[in-house]
Amino acid sequence: MIAQGGRVASFSPHDELNVYASAEARFEVAAKKLGLDDGVYRFMRYPDKEITVYIPVTLDSGQLEVFIGYRVHHSLVRGPCKGGIRFAPDVTLDEVRALASEMTWKCAVVNIPFGGAKGGVICDPTKLSRGELERITRRYTAELSEWFGPERDVPAPDLGTNEQIMAWIMDTYSMHVRRTTTAVVTGKPIQMGGSQGRREATGRGLMIACEKALAKFGLKRDLTRVIVQGFGNVGSVAATLMHQAGYRIVGVADIHGGLYNEKGFDIPKLVNWVYQQHQPLPDFPDGGERMTAQEVLFQPADIVIPAAIENQITRDNVERLQTRILCEGANGPSTAYADEELDRKGIFVIPDILANAGGVTVSYFEWVQDRQGFFWRENVVNDRLKDILERSFDDVVGYAETHGVNNRTAAYMLAIDRVAFVLKLRGIYA
Ligand code: NAD
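Here the residue numbering is sequential within each chain, running from 1 through the sequence in written order. This being a predicted model, a pLDDT of at least 70 is required before a residue's local features are given, and a value of 80 or more before pairs of side-chain atoms are given or counted; all residues contribute to the totals for chains, interfaces and linings. Note that the side-chain values use all heavy atoms of the structure and ignore hydrogens as well as water.

### Quick notes on the site of the ligand
Then comes step 1: In the neighbourhood of the ligand, 20 residues make up the surrounding shell, with T202, F231, N233, V234 and N331 lying closest.
Then comes step 2: Polar contacts, as used here, are pairs of N or O atoms within 3.5 Å; protein pairs need one atom able to donate a hydrogen and one able to accept it. Residues neighboring in sequence count only if both atoms are side-chain atoms. Here A308 contributes a backbone N or O atom positioned 3.4 Å from an oxygen atom of the ligand.
Then comes step 3: Here an oxygen atom of the ligand and a side-chain polar atom of N331 are 2.9 Å apart.
Then comes step 4: Expressed as a share of its isolated accessible area of 830 Å², the protein-covered part of the ligand is 80%.
Then comes step 5: Numbering of helices and strands runs from the N terminus, with a helix taken as a DSSP run of H or I at least four residues long and a strand as a DSSP run of E at least two residues long. Sorting the residues of the shell around the ligand by element identifies α6 (198–217) and α7 (233–245) as the ones contributing at least two each.
Then comes step 6: Within the shell around the ligand, the residues separate by chemical class into 9 nonpolar, 7 polar and 4 charged. The criterion for a residue being near a molecule or strand is simple. One of its heavy atoms has to lie within 4 Å of it. The method behind every accessible area is Shrake-Rupley, applied with a 1.4 Å probe, and residues are considered shielded solely by the protein chains displayed. In this classification, the charged set is Asp, Glu, Lys and Arg, the nonpolar set is Ala, Val, Leu, Ile, Met, Phe, Trp, Tyr, Cys and Pro, and all remaining amino acids, among them Gly, are polar.

### Section: the confidence of the model for the chain
Low pLDDT means the predicted coordinates in that region are not meant to be read closely.
Then comes step 1: A residue's pLDDT is simply how confident the predictor is in it, with values from 0 to 100. Per-residue pLDDT for the chain averages 95, and the proportion of residues at 70 or more is 97%.
Then comes step 2: Contact criterion: two residues are considered in contact whenever any of their non-hydrogen atoms come within 4.5 Å of each other. Counting contacts from residues 1–11, a segment whose pLDDT is below 50, to residues more than four positions away or on other chains yields 32 contacts.

### Remarks on the sheet that holds strand β2 (residues 64–73)
Then comes step 1: Pairing is mixed in the open sheet, where 5 strands are placed in the order β1-β2-β4-β3-β5. Both edges of this open sheet fall to β1 (49–58) and β5 (153–157), since each of them pairs with a single strand only. Averaged over all adjacent pairs, the angle separating strand axes in this sheet is 25 degrees, with direction ignored.
Then comes step 2: Relative to strand β4 (residues 115–122), β2 is paired through 5 bridges, and the arrangement is antiparallel. Its bridge partner being in β4, G69 is matched across the sheet by V121.
Then comes step 3: Orientation is described by lines fitted to C-alpha atoms, with helices fitted over the stretch in contact, and by angles between N-to-C directions that extend from 0 to 180 degrees. Sitting on the sheet, helix α4 (residues 130–143) touches β1, β2, β3 (81–88) and β4, and the angle it makes with β1 is about 140 degrees. At least two DSSP bridges between two strands are needed for those strands to be called paired.

### Re the packing of helix α1 (residues 19–34) against helix α13 (residues 407–426)
Then comes step 1: The contact between α1 and α13 brings their axes to 9 Å, and the two run at 70 degrees. The pairing of α1 with α13 is recorded here as roughly perpendicular in orientation. On α13, the residues touching A23, R26, F27, V29, A30, A31, K33 and L34 of α1 are R408, T409, Y412, M413, I416 and D417.
Then comes step 2: Considered class by class, the residues forming the contact of α1 with α13 number 9 nonpolar, 1 polar and 4 charged. Orientation is classified from the angle alone, with under 35 degrees giving roughly parallel, over 145 giving roughly antiparallel, 65 to 115 giving roughly perpendicular, and any other angle giving oblique.

### Here's the deal with the pattern of salt bridges
Then comes step 1: In the sections that follow, a salt bridge refers to a side-chain nitrogen of Lys or Arg positioned within 4 Å of a carboxyl oxygen of Asp or Glu. Following the criterion strictly, the structure yields 34 salt bridges and no others.
Then comes step 2: A salt bridge links E295 to R320; its shortest N-O distance comes to 2.4 Å. With E295 in the loop between β9 (289–291) and β10 (303–306) and R320 in the loop between β10 and β11 (325–327), this residue pair connects regions lying 25 residues apart in the sequence.
Then comes step 3: Residue exposure (1.4 Å probe, protein chains only): buried if accessible area is under 20% of the type maximum, exposed if over 50%, otherwise partly exposed. Judged by relative accessible area, which is 26%, E295 ranks as partly exposed.
Then comes step 4: Overall, the relative accessible area of 35% leaves R320 in the partly exposed class.

### Focus: the packing of aromatic side chains
Then comes step 1: Think of it this way: a Phe, Tyr or Trp ring, Trp meaning its six-membered ring, pairs with another when their centres are within 6.5 Å, and the plane angle makes it stacked under 30 degrees, edge-to-face over 60, tilted otherwise. With the rule as written, the count across this model stands at 12 aromatic pairs.
Then comes step 2: With a centroid separation of 5.8 Å and 90 degrees between ring planes, the pair formed by F114 and Y364 is classed as edge-to-face. Here the residue F114 occupies a position in the loop between α3 (93–109) and β4, and Y364 occupies one in helix α11 (residues 358–372), the gap between them amounting to 250 residues.
Then comes step 3: With a centroid separation of 5.1 Å and 85 degrees between ring planes, the pair formed by F217 and F348 is classed as edge-to-face. With F217 in helix α6 and F348 in strand β12 (residues 348–350), the pair connects residues that are 131 residues apart, well separated along the chain.
Then comes step 4: The class for F348 is buried, based on a relative accessible area of 11%.
Then comes step 5: Taken together, the aromatic side chains of F114, Y364, F365, W367 and W376 make up a single cluster linked through ring pairs.
Then comes step 6: Placement of a charge over a ring requires the Lys NZ or Arg CZ to be within 6 Å of the ring centre, with the centre-to-atom vector within 35 degrees of the ring normal. For the cation-ring pair, K49 lies above W147, with the distance from its terminal atom to the ring centre recorded as 5.6 Å.

### Some points on the sheet that holds strand β8 (residues 257–260)
Then comes step 1: An order of β9-β8-β7-β6-β10-β11-β12 is seen for the 7 strands of this open sheet, with the pairing classed as mixed. Taken across any chain shown, the strands that pair with only one partner, and hence form the sheet edges, are β9 and β12. On average, adjacent strands in this sheet sit at an angle of 15 degrees to one another, irrespective of strand direction.
Then comes step 2: By the bridge criterion, 2 bridges tie β10 to β11 in an arrangement that is parallel. Paired with I303 across the strands is I325, a residue of β11.
Then comes step 3: Sitting on the sheet, α6 is in contact with β10, β11 and β12, with an inclination near 155 degrees to β12.

Listed below in structure tokens is the structure:
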């Protein structure tokens, strides 16, 4: 996908589901509107560095297997690189590259001092033992010990990775540099330098963004119907907090399928069903109408929150959305091809790089606390998160209104402008 220089004006329809192409198309639109200088444009559209690592691991069976892993640094302009690591069978370098650039823009939208990175290992964590996962993680970290560091690149959890994996990364890195370095990774267990409120931060951030949208449109929580696709860390927390706050959660879905119930779900009961009783979400006894996980997005609602995977809303189905607000919890849940129709339908989009930035914001708080060696109470974390996200929401929506663009383009323009500003101040070392 990467051209050898100059501008690539458009991308082919075959690329609709290529997240890198979608990210690039959105960058293009914003860069063009900003009238970005050609050199700065070229600098920003390419990653800083990419690496592929081949990870030899002895499986429990005694067999030696080699896993493929990636790490991409997109930008170090505004600070160390920040970005998750995903363990999934379908990880590709294109995807990791796209997500790394999105992290640069996300950190800039919420104005925290990081650039973007992302990593991944091609593996299926559900088919690996704890020991195998630990060995993959440690060897991946060892291979990247010169890339990682509190002032260089600070990984975090993403799909298929969790607090335990972050703990192993922290330990492996610390062994290599011969000192305990908690700030090398975020999303760690609280007992070893993690932050209060980090686990809930992305879901909480989605609610904060929705609250701002509600206030803007003069809507009331108890009359607001919400659909949440994905019931993992992001979706289940958003659904729980919004249910507690008085919203009506009328649609839910996970990988097993979806449910829709106009009357609303008892979310604590559903959380118990999925997480304590380990039952498939669509078998929830107090559930409503069963449908596929994707179909649930197109049921009547005031807010739709896709919080599962990418490419759920495409040019083929976008016109079926029946919502006023689309709050993107997942990364890249709608394709660039769907953007025009979202505009035409007048749907108020809270784009992923703003809506789901709660996670990276509290990751930033975790990094700050680790470096200070002084830890904040949960209410302090939540108040500071609210402050940053509310301000960022106002920045993006204000920018959209002033410049006559949609919220997504505004978020990208604001972010690119912030990175370009610092790039000009720093200059190019050459
Ligand atoms: P998770 O693994 O905890 O949960 C994913 C959920 O999506 C699960 O309920 C799973 O069953 C469901 N799911 C998977 N495939 C699906 C499909 N095809 N259809 C419907 N549902 C499906 O992951 P998460 O941490 O909740 O992340 C969800 C999304 O949010 C990802 O796109 C991730 O990149 C993004 N995100 C996460 C964070 C974070 O802090 N965890 C921050 C920013 C963005």
